[in-house]
Amino acid sequence: MPIAEHTLQTLEFPKIREHLAAHTSFSGSRELALSLRPATVPEQVAWRLRLTSETRRLLDEYPDATIGGARDIRTALQHAARGGLLEPSTLLEISNTLRSTRLLRRMLLRLNPEHYYQLPDLAQNLPDLPALETAIEQIVDDDGSIRDSASPALRRIRLEIRDSSNRLQERLQNLVTSSQYVGVLQEALVTVRNGRYVVPVRADKRRSLPGIVQDQSASGATLYIEPLAVVELNNQWREAQLAEQKEIERILIAISEQVGRDAEAIVTGIEALAVIDLGLAQARYAYTLRCVAPELTDLTTRTYPLPAPDETALASVPSPAAPLLLTAARHPLLNQETVVPIDIWLGDPFRILMITGPNTGGKTVALKTVGLLVLMAQAGLHIPAREPARLPIFQQVFADIGDEQSIEQSLSTFSSHMTNIISILEAIEQLPLPPSDDGPHLDDSTVIPAAISPTLVLLDELGAGTDPVEGSALARSIVTRLLERGCLAVSTTHFAELKVFAHNTPGVQNASVEFDVESLAPTYRLTIGLPGRSNALAIARRLGLDAGLIERARATIVREEAQIEDLLADIRREREAMQAERQRAADLREDAEKYRERLAAELYAFAEQREASLEALEREIEAELRELRADLRRQRGSSRSADIARQWSEEAEQRVQAVRERLHAHGQPSAATHLVQPPAQQAPRPLQAGDTVLVRSVGLIGEILDIDDDDDEADVQVGGFRMRVGLNELRRQKHGDQSDEPARTYSTEQRTITLPPMPDVSMSFDMRGWRAAEVEEKLDRYLNDAYLAGLPSVRLIHGKGSGALRQVVRDIVRQHPLVNSFSGGGADGGEGVTIARLVER
């Protein structure tokens, strides 16, 4: 069952739709915005919110993303589908729309599927009809006229028209300039009347120029006569014009039939385009209000058992499990720079919030903020709040807000409120009752269910407009019924009895809007857990009322009500003390975190410095050992020298082993170091003969033939020659690292050199939607790759737009050393494309 229209009107949701519609780009999406309603099916709500999130991400990555020049052409398409003839201007709109949908489809289908799901899915429905688009462009010019090239027959007919017109005007010019007709013609000019060329003749000289009268002036002094000498030429000219109209009509009928055949697919695309543009409008509206995407909670997956009343009363901070949580929520129809945000939550550990406070203090605004943000979220809109923001998907939202008294229906304020509340309670009775197992008992007949019903009730000034005693009793019974039905509710009231009721009843919580007694102005801040105090006497004192009168008024207050005010004051003092302690604990925890992070950073720096020193020492000893080994090889011819060298080598080996033992004994990282260092990676397998390696010094790939462990060198076969390189110059190539394209081989008299394969480079480079700052580096890399690939020219796509991106691209290619010349795209993209011709290799 959809949410009632009365609720939408009460919470001013139509104004949200109007603001959203202002961000749409064409009539199709505007209609969707103005008819938008909150959904109640969880899958629909999630789909709508996901669309808004995706379009926000799209605008972040491509700020200029729009639907282009698309128009809502569904009426014209339906006319064509019925066999109707389309006007050239309408065909031009269809062509522009097809071009826009084709480009948008291409962009959306290239989006990263890890971040985008719904936009590419919608893009599948956008029409991709380049043949129809081209056919229309070949017929209709940009100004809406029919091109001469629309058909060979039309080109021939228009040549005949021009020839006939030229001959006709030449004959008439000779006539009007002839001395024979001086004094006969009113003016020496040629004009057109009734589709025929004529000359203006004085009425009294009518018989001096034989011809056919086609028109006369308003005064009757001038007759517009078609001379008999040009009648046949006029006939030829008119016959050619009629032939032109007939050929144009034939062309328009043919292209209209072609449009009609594709009308269904194009209409489907226009509807998808309207949804996409609505998503873009929702994204722009979200930016305007500084919105966040709410997290959706499922009330059917868990229960929310209520705590004892005293625990509920102390719930002054949001529960992590609260199904409805709004952080720094703002009313979307108020000035976002001045509106005071509120924090509000429901469901855990309480279901109903009783807001008290002075008039004009913001109680009703808080009430409407909750309801309106719920409706926005279920309509797919992000909400003006901060994270975290959680909302259930409500099946029904009921609202009784404002003074709706009716003189015509003889309803007082109380009667009007009660009529609405009765209808709300009757509707709630028709909803399924959530399970009541394990719920607390208010009395022998009332059990509060542990599960929550997906129903939100908003009641303004509950019980007002009648006797306070009866009104408060009636309000308590209504709140009890809402608890019994498992509803979530927010209500405002002035009754002190309801403050005590909320304090003592499980599932109900007090809240208040603050009032500054000194300035006599509301602060509009909402405080949950504290009931509002009566400020009448305090305000009277601040305004200067006699102190004796104030004391007399205080003495007349019923003792029970005075005790209630004292109780509220005690609660407020306890809450303020508790908040101060909580803030002090938070400050201490923050300081402790800062010290912990600083000590961890210092420990990590110390560990890194120690490891670096130990590694440097080990490298020094290893270098000394390599030097001794080299001396040993040079002195192998002399047995005495060999003995001495061997002795040196053994001594060096002992020194290295001693250093390694010392490193092992004293260089192990401490437990604290392991807390801040990443886990060590497994050491790679040593290189061996037969491995495929990359020789980094030359950038070529080869195969290891032999390894000399003593010299830390290897013989590598690279293409047609063999080379000896250090092991530190080699990097193992895993299977698949090489390109599928075969390597290029160049032979000389001395050797054969094998080079890496040429890069696979596209002849087009699409930069539409890029920021100017990111163009230069990527374009330079692309031009280098295109040159190495041997491309003679490349097609740089930057789009038309404002022309800023085109100017950046052309400034770069104008100065680039690999570009010989460049020009616009011409027929291949126009000014949205730059053709760059590369220098010859």
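The model shown is predicted, which means the values in this text are computed figures rather than measured ones. (Residues numbered from 1 in each chain as written. Predicted model: local features only at pLDDT ≥ 70, side-chain atom pairs only at ≥ 80, totals over all residues. Heavy atoms only, no water.)

### With respect to unusual backbone geometry
Leaving glycine out, the prevailing phi sign among residues is negative, and the prevailing peptide bond configuration is trans. Definition in use: Counting from the N terminus, the helices are the DSSP runs of H or I reaching at least four residues and the strands are the DSSP runs of E reaching at least two.
For the bond from Asp 348 to Pro 349, the omega torsion is 10°, close enough to zero to count as cis. By the element assignment, Pro 349 lies in the loop between β7 (342-346) and β8 (352-356). Across the junction of Glu 387 and Pro 388, the peptide omega takes the value 0°, indicating a cis bond. Within the secondary structure, Pro 388 sits in strand β9 (residues 386-392).

### Examining the packing of aromatic side chains
Using the following cut-off: Stacked, tilted and edge-to-face are the three classes applied to pairs of Phe, Tyr and Trp rings, where Trp contributes its six-membered ring and a pair requires centres within 6.5 Å; stacked means planes under 30 degrees apart, edge-to-face means over 60, and tilted covers the rest. Throughout this description, buried means an accessible area under 20% of the type-specific maximum (1.4 Å probe, protein chains only), exposed means over 50%, and partly exposed covers the range between. A ring has a charge above it when a Lys NZ or an Arg CZ is no more than 6 Å from the ring centre and no more than 35 degrees off the ring normal.
Taken as a whole and judged by the stated rule, the model has four aromatic pairs. Plain terms: the ring middles of Trp 345 and Phe 350 are 6.3 Å apart, the flat faces sit at 45° to each other, and that makes the pair tilted. Classification of Trp 345 as buried rests on a relative accessible area of 3%. The class for Phe 350 is buried, based on a relative accessible area of 0%. Pairwise contacts between aromatic rings join Phe 765, Trp 770 and Tyr 782 into one cluster. Cation over ring: Arg 193 sits above Tyr 224, and NZ or CZ is 4.2 Å from the ring centre. Looking at Arg 302, its charged tip hangs above the ring of Tyr 304, at a distance of 4.3 Å from the centre.

### With respect to the environment of Phe 501
Inclusion rule: Residues count as neighbours in contact if any of their non-hydrogen atoms are within 4.5 Å of one another.
As for its position among the elements, Phe 501 is in helix α16 (residues 496-504). Measuring from C-alpha to C-alpha, the distance between Phe 501 and Ser 472 comes to 9.8 Å, with 29 residues separating the pair along the chain. What Phe 501 contacts, discounting residues up to four positions off in sequence, is Arg 476, Val 479, Thr 480 and Val 508.

### Observations concerning the pattern of salt bridges
Pairing between side chains becomes possible if they bear opposite charge and their charged atoms approach one another. Condition: Definition used for salt bridges: Asp or Glu carboxyl oxygen within 4 Å of a side-chain nitrogen of Lys or Arg.
If you walk through the whole model with that rule in mind, you get 34 salt bridges. With a closest N to O distance of 2.9 Å, Lys 15 and Glu 12 form a salt bridge. Here Glu 137 ties to Arg 99 by a salt bridge, and the two come within 2.5 Å at their closest N and O atoms. Of this pair, Glu 137 sits in helix α8 (residues 130-139) while Arg 99 sits in helix α6 (residues 88-109), and the two are 38 residues apart along the sequence. In this structure Glu 137 comes out as partly exposed when scored by relative accessible area, which is 29%. Salt bridges linked by common partners bring Arg 99, Arg 102, Glu 133 and Glu 137 together as one network.

### Considerations on the packing of helix α9 (residues 152-176) against helix α10 (residues 231-261)
Helix-helix packing is characterised by the crossing angle of the two axes and by the distance between the axes. Operational definition: Lines fitted to the C-alpha atoms define the axes, with helices restricted to the stretch that makes contact. Angles between their N-to-C directions range from 0 to 180 degrees. An angle below 35 degrees is treated as roughly parallel, one above 145 as roughly antiparallel, one from 65 to 115 as roughly perpendicular, and anything else as oblique. Here is the rule for handedness: rotate from the far helix to the near one, and if that takes an anticlockwise turn smaller than a right angle the crossing is left-handed, while a clockwise turn gives right-handed.
Between α9 and α10, the least distance of the axes is 9 Å, while the angle of their chain directions is 155°. Between α9 and α10, the interaxial angle falls into the category roughly antiparallel. Seen from above, α9 lies across α10 with left-handed handedness. On the side of α9, the interface is formed by Ala 153, Leu 154, Ile 157, Arg 158, Ile 161, Ser 164, Ser 165, Arg 167, Leu 168 and Arg 171, while α10 contributes Leu 233, Asn 234, Gln 236, Trp 237, Ala 240, Gln 241, Ala 243, Glu 244, Glu 247, Ile 248 and Ile 251.

### Describing the sheet that holds strand β1 (residues 191-193)
Condition: Strands were regarded as paired on the criterion that DSSP finds at least two bridges between them.
What the four strands build is an open sheet, ordered β1-β2-β4-β3; its pairing is antiparallel. Each edge of the sheet is formed by a strand with only one pairing partner; in this case those strands are β1 and β3 (211-216). For this sheet, the mean inter-axis angle between neighbouring strands, taken without regard to orientation, is 55°. With four bridges connecting them, strand β2 (residues 196-202) and strand β4 (residues 222-227) associate as antiparallel partners. Within the sheet, the bridge partner assigned to Val 201 lies in β4 and is Leu 223. Running at roughly 10° to β2, α9 makes contact with β2 and β4 of the sheet. This element, α10, spans β2, β3 and β4 of the sheet and lies at about 145° to β2.

### Details of the nonpolar core
Among soluble globular proteins, nonpolar side chains are generally buried collectively. To keep things clear, this is the line we draw: Each nonpolar core is a collection of buried residues, namely Ala, Val, Leu, Ile, Met, Phe, Trp, Tyr and Cys, held together in the definition by side-chain atoms within 4.5 Å.
Ranked by internal contacts, the top residues of the largest apolar core, which has 58 residues, are Leu 326, Leu 353, Met 376, Ile 383 and Leu 456. The biggest single contributor to this core is helix α13 (residues 363-378), with nine residues. Within the second largest apolar cluster, 48 residues are counted, among which are Ile 73, Ile 94, Tyr 116 and Leu 126.

### Thoughts on the pairing of β2
Extensive coverage of β2 is indicated by the burial of six of its seven residues. In this sheet, β2 lies alongside β1 in antiparallel orientation, the contact comprising three bridges. If you follow Val 192 over to β2, its bridge partner there is Tyr 197. Hairpin connection, β1 to β2: the antiparallel pair is bridged by two residues, and Asn 194 has positive phi, about 55°.

### Concerning the sheet that holds strand β24 (residues 819-824)
Strand order in the open sheet formed by four strands is β22-β23-β25-β24, and the pairing between neighbours is mixed. The outermost strands of the open sheet, each flanked by one partner alone, are β22 (764-766) and β24. Direction aside, the axes of adjacent strands within the sheet are offset by 20° on average. Pairing geometry for strand β23 (residues 793-797) and strand β25 (residues 833-838), over five bridges, is antiparallel. Across the sheet, the residue bridging to Arg 795 is Ile 835, located in β25. Running over the sheet, helix α22 (residues 775-788) touches β22, β23, β24 and β25 and is turned about 155° from β23.

### Let's talk about a negative patch on the surface
The condition that has to hold: Like-charged residues within 9 Å of one another, or nonpolar side chains (Val, Leu, Ile, Met, Phe, Trp, Tyr) within 5 Å, are grouped into patches, provided each residue has over 30% relative accessible area and no salt bridge. The accessible surface values rely on the Shrake-Rupley method and a 1.4 Å probe; as for residues, cover is taken only from the protein chains in view. Only four residue types enter the tally: Lys and Arg on the positive side, Asp and Glu on the negative side, with His and both chain ends excluded. Throughout, a charge is located at the NZ atom of Lys, the CZ atom of Arg, the CG atom of Asp or the CD atom of Glu.
A surface patch of like charges, here negative, comprises Asp 706, Asp 709, Asp 710 and Asp 712. Along the polypeptide, Asp 712 turns up in the loop between β16 (700-708) and β17 (713-718). Its relative accessible area of 34% is what places Asp 712 among the partly exposed residues.

### So, the side chain of Asp 715
Here is the rule we go by: Pairs of N or O atoms are called polar contacts if they sit within 3.5 Å, as long as, within protein, a hydrogen donor faces a hydrogen acceptor (for residues adjacent in sequence, only side-chain-to-side-chain pairs).
With respect to the element layout, Asp 715 can be found in strand β17. Of note is the side chain of Asp 715, whose polar atom sits 2.9 Å from the side chain of Arg 724. Excluding residues within four positions of it along the chain, Asp 715 makes contact with Glu 703, Ile 704, Leu 705, Asp 706, Arg 722, Met 723 and Arg 724.

### Details of the confidence of the model for the chain
Regions with low pLDDT carry predicted coordinates that are not meant to be interpreted in detail. Rule in force here: Per-residue confidence from the predictor is given as pLDDT, running between 0 and 100.
On average, residues of the chain score 81 in pLDDT, and 80% of them reach the 70 mark or higher. The low-confidence segment residues 636-642 (pLDDT under 50) makes three contacts with residues lying over four places distant or belonging to another chain. Here residues 735-758 scores under 50 on pLDDT; set against residues more than four positions off or in separate chains, the count is 37 contacts.

### Quick word on the environment of Ala 451
Residue placement: Ala 451 occurs in the loop between α14 (413-429) and β11 (455-459). For Ala 451 and Pro 434, which are 17 residues apart along the polypeptide, the C-alpha to C-alpha distance reads 5.7 Å.

### Thoughts on the packing of helix α5 (residues 74-81) against helix α11 (residues 263-289)
Spelled out, the test is: Throughout this entry, Asp, Glu, Lys and Arg are counted as charged residues, while Ala, Val, Leu, Ile, Met, Phe, Trp, Tyr, Cys and Pro are counted as nonpolar. The remaining residues, Gly among them, count as polar.
Orientation of α5 relative to α11, taken along the N-to-C sense of each, is 165°, at an axis distance of 9 Å. Here α5 lies roughly antiparallel to α11, going by the angle between them. The crossing of α5 and α11 is left-handed. Touching Arg 74, Leu 77 and Ala 81 of α5 are Ala 263, Ile 266, Val 267, Ile 270 and Glu 271, all from α11. Across the contact of α5 with α11, the residue classes break down as six nonpolar, no polar and two charged.

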